[in-house]
Amino acid sequence: MATTGLADRLPKEILPFVAPPVREALRRLAPEVLGELEEIRLRVQRPLAVVTAAATRFVTAEGQLTVDARRAYAVSGEDLKFTLEAVSRSSWYALTEQLREGYLTLPGGHRLGLAGEAVRGEERVAGMKHVASLNLRLAREVLDCSLGVLAWLWDRSAGLPCHTLVLSPPRAGKTTFLRDLVRHLSAGVPHLGILPSSVGLVDERGEIAACFEGIPQNEVGPCTDVLSGWPKAQGMLVLLRALSPRVIATDEMGGPQDLAALWEVLNAGVRVVATVHAADLEELQRRPAWRQFLESGGFERFVVLSRRLGPGTVEAVRDRSGRVLFRGPWRASLRPAAAEGRV
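Values in this document were obtained by computation on a predicted structure and should not be read as measured data.

Colleague: For helix 1 (residues 20-27), give the residues involved together with the corresponding values.
Modeller: Considered for burial, the residues of helix 1 that qualify are Val-22, Ala-25 and Leu-26. One face of helix 1 carries all of its buried residues, which in axial projection span an arc of 100 degrees. In this structure, the buried residues of helix 1 make contact with helix 2 (31-34), strand 1 (37-43), strand 2 (49-52), strand 3 (56-59) and helix 3 (77-88).

Colleague: Give a detailed account of the packing of helix 6 (residues 232-242) against helix 7 (residues 256-266), specifying residues and quantitative values.
Modeller: Two elements in contact, helix 6 and helix 7, have axes separated by 8 Å at closest approach and are oriented at 20 degrees. Judged on the interaxial angle alone, helix 7 and helix 6 are roughly parallel. Crossing geometry of helix 6 relative to helix 7 is assigned as left-handed. Here Lys-232, Ala-233, Met-236, Leu-237, Leu-240 and Arg-241 of helix 6 come into contact with helix 7, specifically with Gln-257, Asp-258, Ala-261, Leu-262, Glu-264 and Val-265. Along the lines of polarity and charge, the residues of the contact of helix 6 with helix 7 split into 7 nonpolar, 1 polar and 4 charged.

Colleague: Let's hear about the side chain of Glu-315: which residues, and what values?
Modeller: Tracing the sequence through the fold places Glu-315 in strand 18 (residues 313-319). A relative accessible area of 17% means that Glu-315 is categorised as buried. Not counting residues up to four positions away in its chain, the partners in contact with Glu-315 are Val-304, Leu-305, Ser-306, Arg-308, Phe-326, Arg-327, Gly-328 and Pro-329.

Colleague: Talk me through the nonpolar core; I want residue IDs and the actual numbers.
Modeller: Counting residues in each nonpolar core, the largest one holds 31 residues, and the members touching the most others are Leu-26, Ile-40, Leu-42, Leu-48 and Leu-134. Broken down by secondary-structure element, the contributors of at least two residues to this core are helix 1, helix 2, strand 1, helix 3, strand 6 (111-120) and strand 7 (125-137). Top element by residues in this core is strand 7. It accounts for 4 residues. Contacts of Leu-26, omitting those with residues within four sequence positions, involve Leu-10, Val-18, Leu-34, Ile-40 and Val-50.

Colleague: An account of the packing of aromatic side chains is needed here, citing residue identities and associated values.
Modeller: Across all of its chains, the model carries 4 aromatic pairs by this definition. Pairing Trp-263 with Phe-293 gives two aromatic rings, centres 5.7 Å apart and planes at 80 degrees, and the pair type is edge-to-face. Of this pair, Trp-263 sits in helix 7 while Phe-293 sits in helix 9 (residues 288-295), and the two are 30 residues apart along the sequence. Overall, the relative accessible area of 8% leaves Phe-293 in the buried class. In this structure an aromatic cluster arises from ring pairing among Trp-263, Trp-290, Phe-293, Phe-299 and Phe-302.

Colleague: An account of the pattern of salt bridges is needed here, citing residue identities and associated values.
Modeller: All told, the structure shown has 20 salt bridges when counted by the stated rule. Glu-300 serves as the salt-bridge partner of Arg-271, at 3.9 Å between the closest nitrogen and oxygen. Taken as a pair, Arg-271 in strand 16 (residues 271-277) and Glu-300 in the loop between helix 9 and strand 17 (301-306) lie far apart in primary sequence, 29 residues in all. Arg-323 is paired through a salt bridge with Asp-319; the nearest N and O atoms lie 3.2 Å apart. The exposed category is assigned to Arg-323, whose relative accessible area is 52%. Take Asp-319: its relative accessible area is 8%, and that puts it in the buried class. One connected set of salt bridges, linked through shared partners, spans Glu-38, Glu-39, Arg-41, Arg-171 and Arg-307.

Colleague: Any details on the sheet that holds strand 15 (residues 247-250)? Residues and values, ideally.
Modeller: On the basis of which strands lie adjacent, the open sheet formed by 8 strands has the order 14-11-15-16-10-17-18-19 and mixed pairing. Each edge of the sheet is formed by a strand with only one pairing partner; in this case those strands are strand 14 (224-228) and strand 19 (324-330). Taken pair by pair, the neighbouring strands of this sheet meet at an average axis angle of 15 degrees, ignoring direction. Alignment of strand 15 against strand 16, held across 4 bridges, turns out to be parallel.

Colleague: Can you tell me about helix 9, naming the residues and giving the values?
Modeller: Within helix 9, the full set of buried residues consists of Trp-290, Phe-293 and Leu-294. One side of helix 9 holds all its buried residues, which, seen down the axis, span an arc of 95 degrees. Of the exposed residues in helix 9, the ones pointing more than 90 degrees away from its buried face are Pro-288, Gln-292 and Glu-295. Gly-297 lies just past helix 9 and shows a positive phi near 80 degrees.

Here is what the cut-offs are and how they apply
Residues numbered from 1 in each chain as written. Predicted model: local features only at pLDDT ≥ 70, side-chain atom pairs only at ≥ 80, totals over all residues. Heavy atoms only, no water. Buried < 20%, exposed > 50% of the residue type's maximum accessible area, 1.4 Å probe, protein only. Helix = DSSP H or I, 4+ residues; strand = E, 2+ residues; numbered from the N terminus. Arc of directions from axis to C-beta. Contact = heavy atoms within 4.5 Å. Axes fitted to C-alpha atoms, helices over the stretch in contact; angles between N-to-C directions. Parallel < 35°, antiparallel > 145°, perpendicular 65-115°, else oblique. Left-handed = near helix turned anticlockwise from the far one by under 90°. Nonpolar A, V, L, I, M, F, W, Y, C, P; charged D, E, K, R; others polar. Core = buried A, V, L, I, M, F, W, Y, C linked by side-chain atoms within 4.5 Å. Phe/Tyr/Trp six-rings, centres within 6.5 Å; stacked < 30°, edge-to-face > 60°. Salt bridge = Lys/Arg side-chain N within 4 Å of Asp/Glu carboxyl O. Pairing = 2+ DSSP bridges.

Right, here's the structure in full:
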């Protein structure tokens, strides 16, 4: 990895959102640390911290890692104010809807999580004030992280992917895996006999395609149409009725509305690739709504991810009967999609 400048060592999209003192401390981190960086933690009057696949460590003003909080750079209120003003572009009101969810999506698919005091509305939380903690979660594209198991997800008789659900605990790479899978389905993989397919992608949080003015900034394939910022349930139905995709993909399936829309898509002759928060299939089956859905037999393949060898570790691929088709752990070697400006 090139280490000749700041833009080569930190994701270029986050630089405008990091206060100069924090940026300087991060710039001085060793290249191997930057290469594994997953999160940057900013807490007012507390030590600057970074999270890698290995551990959480504090960072000194000189860019040294330490486990001694007293040696670390102390994040100031001005540091947080800088980030919040940069993110909001001095228009905090415009971000109200996203603040209800506790996070904001930044260019490049990076996510800014916030913690503070709730602003209560009549029936729900209306926003947030007195923000005192920020978490910059860094997105990364990793080419071919799904390729090692793609053959197990392909229905050769139909020339389409199997209905596939990717299960993953937090920070285990499900969005990265889904992005790569969408890219391969859209572009085709000739040596596996996979031809290009039209893919409709519902990117509710803007983390998969990272669209800017409607154009994906991440590589999601030449035959992919993206609905960015749309609620998953609504977006899936819009794709189904308006864009005639052969495959519909979306991230982090959740509530009853998502499942109802998913069931409609599954029964419309369109293949579905989706993700959900769960450590394994057994955990997902313990949720009443999902248990009923799974018993209906809609999904044909289940990809189980973990962090055992790092984010994106494939533990298993199972069919709808629970039979293991592929047993891990397996993880693609880290190969960023674009070296410039990315970790």
